[in-house]
Amino acid sequence: MTNLLEAAPPGARSTAQSGPGQLLIELELSAKSIHHAKTIARENVCLWGLDELATDIGLTLAELLTNVMRHAAPPTSHGHPKVSRCLVQRVPGGIVVIVHDDDPTLPQEREVDVDSLDGRGLMLVRALAADVTVVPSPTGKDIVAVFTSSAVSVRAEQGLLT
């Protein structure tokens, strides 16, 4: 795997490792680190030949990480920033995005006033992804978003995929 995130925001610890069809990211959450994660995810998706999904996956990753930064309970030890771990994985027919945080509280969709500037993140993710699932884990929760590729489906129908 290649380390892709050499220039982390000052004072922040972030890593990204990419291999064939897989991107792992661990980052201390800030607006800048979320932007970097979004960019790296989009570029990897394009490298995997699924350009049509790149924008939606980048936006989904940014929304989910922003939700962790804003809504997840702070770490129990003082002075430590919120950290999230992400996996973007190429799977047959598309891509799976998993965002993990250490807060076991499950996200809640809420009614949003038409004039509100925020509160639509999870609703947006559900609109972009083919499926979204929240999975409690022993160390918090995972939010899993599945994206399907029409290009992969067409190639499979034409017998071009093995």
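Read on for an overview of the structure. What you see is a predicted model; the values in this text were computed from it and never measured. (Residues numbered from 1 in each chain as written. Predicted model: local features only at pLDDT ≥ 70, side-chain atom pairs only at ≥ 80, totals over all residues. Heavy atoms only, no water.)

## Structural notes on the packing of helix α2 (residues 51-71) against helix α3 (residues 121-128)
α3 packs onto α2 with a crossing angle of 155° between their chain directions and a minimal axis gap of 9 Å. By the angle class used here, α2 and α3 are roughly antiparallel. Note that α2 runs across α3; the crossing there is left-handed. On α3, the residues touching Asp56, Leu59, Thr60, Glu63, Leu64 and Asn67 of α2 are Gly121, Leu122, Leu124, Val125 and Leu128. For the contact of α2 with α3, the per-class residue count stands at six nonpolar, three polar and two charged. (Axes fitted to C-alpha atoms, helices over the stretch in contact; angles between N-to-C directions. Helix = DSSP H or I, 4+ residues; strand = E, 2+ residues; numbered from the N terminus. Parallel < 35°, antiparallel > 145°, perpendicular 65-115°, else oblique. Left-handed = near helix turned anticlockwise from the far one by under 90°. Contact = heavy atoms within 4.5 Å. Nonpolar A, V, L, I, M, F, W, Y, C, P; charged D, E, K, R; others polar.)

## Details of the packing of helix α1 (residues 31-47) against α2
At a minimum axis distance of 8 Å, the contact between α1 and α2 shows a crossing angle of 155°. Here α2 runs roughly antiparallel to α1, going by the angle between their axes. Considering only the axes of α1 and α2, their crossing is right-handed. Seen from α1, the contacting residues are Ala31, Ile34, Ala37, Lys38, Ala41, Arg42, Val45 and Cys46; seen from α2, they are Asp51, Leu53, Ala54, Thr55, Ile57, Gly58, Leu59, Leu61, Ala62, Leu65, Thr66 and Met69. Per-class residue counts for the contact of α1 with α2 are 14 nonpolar, three polar and three charged.

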